[in-house]
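# Structure assessment
What follows is each chain in one-letter form.
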Amino acid sequence: MQSISKILPFCAAALWILPQSSQAVDIEGTFTSDSAFPVSVTDPSFYTLDGEAYSGEIDSFTNIAISCSLSEVPSDYTIARASSSLTAGNLTYNIVDLPENFWDKNLLEISGSQTISVENLTVNLRDTKTNQPILGFQINAGAVLETRGDFLFSDARSSADWYMTRVGFRGSGDVKIGGDFTIDSQIPNPSAHNLDSASLYVSTRTFSVGGVLTVKNSNGDDNILKLSPSESGTFTRTLGGLSIEQNGMIQLGGNASSANTTELIFTNSGTSEYTGGLLTIDSAGELADNKLNVRMTASDTANGRQIMRFTETQGWSLSNGVFSDSPNALNEVEVSGGRLDLGMYGGMKGGSLMIMGYNRPSEAVFSATGTAADTEIGRVTFDTMSFYRGTVVFDLAETDGDFIQVDGAMTKVAGASPLALELNVSAYDLQAWIEDSESDGWSADLMSFATDGSNVSADDFTLKLQDGIAGKISISELDGISTITANLSIVPEPAAVAALIGAFAFCAAARRRRK
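The structure presented is a predicted model; accordingly, all values stated were derived computationally and were not measured.

### A few points about the overall build of the chain
Across its full length, the chain holds 3 helices and 42 strands. Scaling as 2.2 N^0.38, a compact globule of 515 residues should have a C-alpha radius of gyration of about 24 Å, whereas the chain reaches 30 Å, well beyond that. Projected onto its principal axes, the C-alpha coordinates of the chain cover approximately 115 × 90 × 45 Å. Put simply, the chain has 515 residues, and 49% of those count as buried. In the chain, 82% of the contacts between residues at least 6 apart in sequence involve partners at least 24 apart. Of the roughly 23000 Å² that the chain leaves accessible, carbon and sulfur atoms contribute 49%. Measuring between centres, the 31 positive side-chain charges of the chain sit 10 Å from its 62 negative side-chain charges.

Spelled out as structure tokens, the structure:
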């Protein structure tokens with residue numbers, strides 16, 4: 001056996017030729033009003049390392065901190081740009097101070113075929129003498145802004161005045177957020193103003209967030225998500241969830257002469273909730289015919305759930321236009337994976353409801369819901385409805401319950417399975433309702449649709465009931481409207497069944513004796 005002393009040199013040589021692990025490097029860059037704009041944030045010479053000029057390269061192990069402190073408004077529209085593609089670690093953009101009249105500037109511009117890819121991107125707005133700066137990211141055609149992790153925009157400026165937290169993505173390029181994207185406005189004690197709000201404006205052709213998109217503020221003010229720009233066309237927004245739990249405003253920006261369509265695609269793996277309005281441009285009382293398509297395609301069909309509660313608002317007015325509630329802006333609603341709960345205020349109507357699951361019915365679920373937080377019962381209205389495979393959940397109460405009104409035809413597509421209708425009522429509650437009604441059963445109307453043009457019958461639906469409940473589906477027709485009704489009863493307890501059987505047996509025996 002060779003001695004250890006002879007083996008060690010060979011081991012050391014082998015280790016020497018293996019790739020050496022990279023070490024994280026933290027570099028810093030600063031620009032002020034004295035800097036030459038636009039600053040190139042992809043140029044390594046812009047940065048310092050431990051107070052000395054940085055002479056290395058920037059890679060995925062390089063963490064970048066940029067500090068911006070301006071005493072004057074730059075004449076350039078863009079204050080920082082990418083002169084080349086860049087892959088880095090974490091990027092932190094600290095905005096220490098902004099001057100008065102700093103209304104609308106690009107924090108970063110990416111052009112050509114350039115890509116900026118970072119792990120986590122954090123923008124901290126710490127002080128500004130302007131109430132409502134728009135801090136923008138200009139992503140031009142062919143360019144990409146990518147985070148492999150999260151994007152956080154934090155507005156924690158100290159101000160006793162009114163405020164607007166505003167972040168914008170512009171251009172024809174792509175924005176790809178791998179993790180969560182959060183707009184977090186934490187202004188302490190601002191003065192009351194009708195423009196107090198947190199806003200995200202998305203104008204790029206495509207915009208995707210792998211995690212949850214959250215817009216929130218600490219003062220109970222409006223949270224605005226503008227999903228489309230003023231020009232015509234179709235714009236795709238893919239989100240792993242939308243979380244705006246108070247005073248939300250989804251705005252569709254197409255003008256009356258150039259209306260557009262937004263594809264809002266949900267890929268949730270957990271539960272997220274939106275509560276707020278759906279608004280469109282209002283030109284002297286004429287609402288632009290912008291449309292929103294909502295498609296639920298959860299990445300985790302068992303746990304992915306999006307709740308959308310559409311409420312009436314007071315509208316919104318600013319220099320970039322007047323927005324008003326649009327009761328007909330919701331166009332197509334499609335569920336192919338996961339669960340979508342939808343609440344509509346009175347007078348609101350969607351275009352088409354499509355339940356298009358392709359595996360188990362439990363993996364594509366739709367339910368009407370209330371418009372207020374923590375309410376479950378709601379009523380929704382659509383022009384048409386179609387299904388292939390899936391489940392509709394109905395929350396029921398003694399004198400109320402979910403209801404789906406379809407003004408036009410309800411159709412099953414070729415090869416469709418029966419649509420499962422899951423009723424959320426316990427045997428205990430149902431027993432009390434039956435006793436109150438002094439009848440043998442209890443019924444609930446679930447859906448209605450136009451008889452003409454429909455191709456469904458009671459056999460195209462199946463009930464999913466809780467233990468102890470029996471039921472069947474019936475469809476009635478009146479004046480061209482068909483109504484789907486669930487007729488429910490309590491399954492007798494085994495002891496009651498045994499007693500009933502015993503009674504029949506006793507009667508039979510007595511009859512035989514008489515003979």
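### Regarding unusual backbone geometry
Leave glycine aside and you will find that most residues have negative phi; peptide bonds, for their part, are mostly trans. Between F37 and P38 the backbone carries a cis peptide bond, its omega angle lying at -5°. With respect to the helices and strands, P38 occurs in the loop between β1 (25–32) and β2 (39–40). In this model, N101 sits at a positive phi of 65°, which is unusual for a non-glycine residue. Counting through the fold element by element, N101 comes out in the loop between β8 (91–97) and β9 (104–110). The exposure class assigned to N101 is partly exposed, which follows from its relative accessible area of 47%. Although it is not a glycine, D479 adopts a positive phi angle of roughly 55°. Here D479 is to be found in the loop between β41 (469–478) and β42 (481–490).

### Let's talk about helix α2 (residues 427–437)
Every buried residue belonging to α2 is among L430, W433 and I434, and all of these are buried. All buried residues of α2 fall inside an arc of 100° around its axis, so they share one side. For α2, the exposed residues set more than 90 degrees away from the buried face come down to Y428, E435 and D436. Considering only its buried residues, α2 is in contact with β39 (442–450), β41 and β42. Of the residues one or two after α2, E438 is the one with positive phi, at around 55°.

### With respect to a negative patch on the surface
A cluster of acidic side chains, namely D26, E28, D50 and E52, defines a negative patch on the protein surface. If you trace the backbone, E28 turns up in strand β1.

### A look at the pairing of strand β30 (residues 321–325)
Taking burial as the measure, the 5 residues of β30 include 4 buried ones, the bulk of the element. Where strand β25 (residues 271–283) lies against β30, 3 bridges are found, and the strand directions are antiparallel. Note that in β30 the partner of I281 across the bridge is F323. Of the pairings in the sheet, the one linking strand β29 (residues 316–318) to β30 comprises 3 bridges and is antiparallel in character. Across the sheet, S317 pairs through a bridge with V322, a residue of β30.

### Points about the confidence of the model for the chain
Low pLDDT means the predicted coordinates in that region are not meant to be read closely. Counting all residues, the mean pLDDT for the chain is 92, and 91% of those residues have values of 70 or more. Between residues 11–21, whose pLDDT stays under 50, and residues either more than four places distant or in other chains, the model counts 1 contact. Ignoring residues within four places in sequence, the model shows residues 495–510, a span with pLDDT below 50, making 1 contact including any to other chains.

### With respect to the side chain of R157
By the secondary structure assignment, R157 is in the loop between β14 (151–155) and β15 (164–170). In this structure the side chain of R157 is engaged in a polar contact, spanning 2.9 Å, whose partner is the backbone oxygen of N131. For R157, the side chain forms a polar contact with the main-chain oxygen of M164, separated by 2.8 Å.

### What to know about the pattern of salt bridges
A full pass over the atoms with the stated rule returns 16 salt bridges. In this structure, R339 and D341 form a salt bridge, with 2.9 Å as the shortest nitrogen-oxygen distance. For the pair R339 and D341, a shared accessibility class is recorded, and that class is buried. The salt bridge partner of E422 is K464, with a shortest N-O separation of 3.8 Å. Separated by 42 residues along the polypeptide, E422 in strand β38 (residues 419–424) and K464 in strand β40 (residues 461–464) bring together distant segments of the chain. Residue K464 is classed as partly exposed on the basis of its relative accessible area, which comes to 43%.

What counts and how
- Within any chain, residue numbers begin from 1 and follow the written order of that chain's sequence.
- This being a predicted model, a pLDDT of at least 70 is required before a residue's local features are given, and a value of 80 or more before pairs of side-chain atoms are given or counted; all residues contribute to the totals for chains, interfaces and linings.
- Side-chain numbers come from the whole structure's heavy atoms, not from hydrogens or water.
- Helical segments are the DSSP runs of H or I of at least four residues, strand segments are the runs of E of at least two, and each set is numbered from the N terminus.
- The atom set for the radius of gyration is the C-alpha atoms, and the globule formula is 2.2 Å times the number of residues raised to the power 0.38.
- Exposure classes here rest on a 1.4 Å probe applied to the protein chains alone. A residue is buried below 20% of its type maximum, exposed above 50%, and partly exposed in between.
- Throughout, a residue-residue contact means that at least one pair of heavy atoms, one from each residue, lies within 4.5 Å.
- Surface accessibility follows the Shrake-Rupley procedure with a 1.4 Å probe radius. Residue values consider only the protein chains on display as shielding.
- For the purpose of charge, His is not counted, nor are the chain termini; Lys and Arg are scored as positive and Asp and Glu as negative.
- Taken as the charge location is NZ of Lys, CZ of Arg, CG of Asp or CD of Glu.
- Working note: the arc is built from the helix axis to C-beta atom directions.
- By definition, no residue in a patch forms a salt bridge, and every one has over 30% relative accessible area; like charges are joined within 9 Å, nonpolar side chains (Val, Leu, Ile, Met, Phe, Trp, Tyr) within 5 Å.
- Salt-bridge detection follows one rule: a side-chain nitrogen of Lys or Arg within 4 Å of a carboxyl oxygen of Asp or Glu.
- In this description, strands pair whenever DSSP reports at least two bridges between them.
- Here pLDDT means the predictor's own confidence in every residue, given as a number from 0 to 100.
- We call two N or O atoms a polar contact when they sit within 3.5 Å, provided that within protein one can donate a hydrogen and the other can accept it, with sequence-adjacent residues counted only if both atoms are side-chain atoms.

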